[in-house]
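One letter stands for each residue in the lines below.
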Amino acid sequence: PPPRRPRIWRTATLKHIIHSTSGAPRTGCIAAALVLTLCMGTWGRPAHAAAPLSSSLQRALSATEAGGTLPVWVFFTEKSDVSPAALTRAEAQLTPHARARRERNRDAGSLVDAYDVPVDAAALQSLRSTGVHVRHVSRWLNAASVDATPGNVMRIASLPGVARLDVVHSSRTTDPEPETTPPARAPQSSATARLSLDYGSSYWQDVLIDVPAMHDLGYHGEGVWIAMFDTGFNIWHTAFSNLDVLITHDFVNGDSIVADQAGQMGSGFHGTLTLGAIAGYAPGELIGPAFAATYILAKTENTNWERHIEEDAWVAAAEWADSIGVDIISSSLSYLNGFTNGETSYTWQDMDGVTAISTIGADIAASRGILVCNAAGNGGYVSEPANTLGAPADGDWVFAVGATDAGGTRSSFSSVGYTADGRIKPDIMAMGQSVYTVNPLDSTYTTTSGTSLSCPLAAGAAALVLQARPLASNNMLMNALRSTASYHNTPDRLHGWGVIDALAARNAIATGVRETPVAVTSLVAYPNPFNPRTTIDYVVVARGRVTLTAYDVAGRRVATLVDAQEAPGHHSISWNAVDEHGATLASGVYLISLESGGTRASRKVVLLK
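Attention here is on the structure that accompanies the text. Everything quoted here is computed from the prediction, not taken from an experiment.

**Remarks on the environment of Asn 507**
Then, in step 1: Tracing the backbone shows Asn 507 in helix 16 (residues 502-508).
Then, in step 2: Sequence spacing of Asn 507 and Ala 468 is 39 residues, and the spatial spacing of their C-alpha atoms is 9.4 Å.
Then, in step 3: A polar atom in the side chain of Asn 507 sits 2.7 Å from the side chain of Arg 506.

Structural data, given as structure tokens:
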């Protein structure tokens, strides 16, 4: 790659801090550098002077009609209390999963920092007193996004404690179109016959990144928490009957429902496609890389109003996901051009890792230990020095994913680097052309293209590696996936480090990092809910006694479905919802428990009559 071009002073300082440490960057340095980046530009302002407005906001204001509103970022001055007591309170708010993730990514004694401290309540109260509608509050950015008129903007700029104001950027996007050419099914050969799962037409997208090998070793994403950011999600398709969803939130409409709702903004079309690629499970048709992971679903895109995507919803979703404890974010959204309402588009020069708000938010998320996977974009090729990346794919610690066809050849639409400051992007590649996934319109399946699809496939593969190496940091995961990818010796602006190999990445992580022992894996039931029969699939890695038992919600055993010595491999059993004595069970929730080799897996099923 070409030499890194010098950045402005604040960014050069960011890089100096990070790389002045010995060895790989530590997340503590990342956090400190990001704080410095955000604070620059607020020093030296005379007391009581109005806070400055960005040039983008000034242009947007000039294009706003009288009485009209526009989304505005309000950045505050330093938080007043980042004392040890405040940090202790912040640490106490960590969920067990969030604590575990930070412990494997951050130095002992620094699990939290100033980013985790809330925005000053007094500053927020002062902002609300102007009468504006507060959209989102960001503790990471020490900011709030609001809907403001030009008059509101000037009043806010004069408030004490306000450092600067900027526009909330938004973009226009289009959903990928379903394709008419069906993909080839998995070849019938001795090699595929030995696989533990039948991938159907999704075979090619999985085998390209060596997912079947990980599945055969017993890794399907169990225990890994993945947040999906997209337009919304309709999860009634049969391929989602096994989907484990922990929590959902709609950051566009402000409720917990991420499916389509009459009269609300946002469509589940695009999100359903991406979720199907990573998490779908329908043997013989579609198997996503991480079909047994736990999912956190966030609707962050407003598909009304000329298909807006707004950055403040992305940052709000990232903070929410961090607070829950997610391990991986898979985001198939990007911010570059097509901005509306008089706003100024980002340019390729802005793809420098420090300009776009979503990029800053994504890098902060990475400093919390989250592996942030983001679609590189569908901008195609452009000659140097320009790039076609979309934020936050330009982030220093964002794993930007480009797209290939089934053979690993770069797709012509896949965005290219370098970043404006000379870093290699995209980072890695996965299949994004004619990807097989659920049809969001009915119960069938379809193919579609875009880095929107390669991103969740790569995120799913990363989840398998994390399951296999549960103490690996996000930096270790990225390095392992890069160092074993197809272009690892000659990374470039078209392919990054190349097509990933999940098994090779798992093997590349030091054996000193504890590996999850697996004896029982992949307990799924479909359809679920069911009536009158469900099929229970499971994979046994080591020969031994297997016990499969059904319990009611009170913990009483209602049926023993399997109690026998079984060989390694894939097993399947049909249950028609009868108890030990052959009596038909009533409608309700039941727990299916699988035990073998000292390990246990469980799955809730729902009988609906």
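From this point, the discussion proceeds with the structure in view.
**Some thoughts on the packing of aromatic side chains**
Then, in step 1: The full count for this structure, using the stated rule, is 8 aromatic pairs.
Then, in step 2: Relative to Trp 314, the ring of Phe 229 lies with its centre 5.4 Å away and its plane at 85°, an arrangement referred to as edge-to-face. Within this pair, whereas Phe 229 is found in strand 6 (residues 225-230), its partner Trp 314 is found in helix 12 (residues 311-324), the two being separated by 85 residues in sequence. Both residues of the pair, Phe 229 and Trp 314, count as buried.
Then, in step 3: An angle of 85° between the planes, with centres 6.2 Å apart, marks the rings of Trp 575 and Tyr 590 as edge-to-face. Of the two residues, Trp 575 is situated in strand 22 (residues 569-575) and Tyr 590 in strand 23 (residues 588-596); the sequence distance between them amounts to 15 residues. The burial state of Trp 575 is the same as that of Tyr 590; both residues are buried.
Then, in step 4: Within the aromatic cluster, the residues linked to one another by ring pairs are Phe 530, Trp 575 and Tyr 590.
Then, in step 5: A cation over a ring is seen here: Arg 164 above Phe 75, with NZ or CZ 3.9 Å from the ring centre.
Then, in step 6: A cation sits over an aromatic face here: Arg 482 above Trp 497, 5.1 Å from the ring centre.

Reading the values: the criteria
Residues numbered from 1 in each chain as written. Predicted model: local features only at pLDDT ≥ 70, side-chain atom pairs only at ≥ 80, totals over all residues. Heavy atoms only, no water. Helix = DSSP H or I, 4+ residues; strand = E, 2+ residues; numbered from the N terminus. Polar contact = N/O pair within 3.5 Å; in protein donor to acceptor, adjacent residues only side chain to side chain. Phe/Tyr/Trp six-rings, centres within 6.5 Å; stacked < 30°, edge-to-face > 60°. Buried < 20%, exposed > 50% of the residue type's maximum accessible area, 1.4 Å probe, protein only. Lys NZ or Arg CZ within 6 Å of the ring centre and 35° of its normal.

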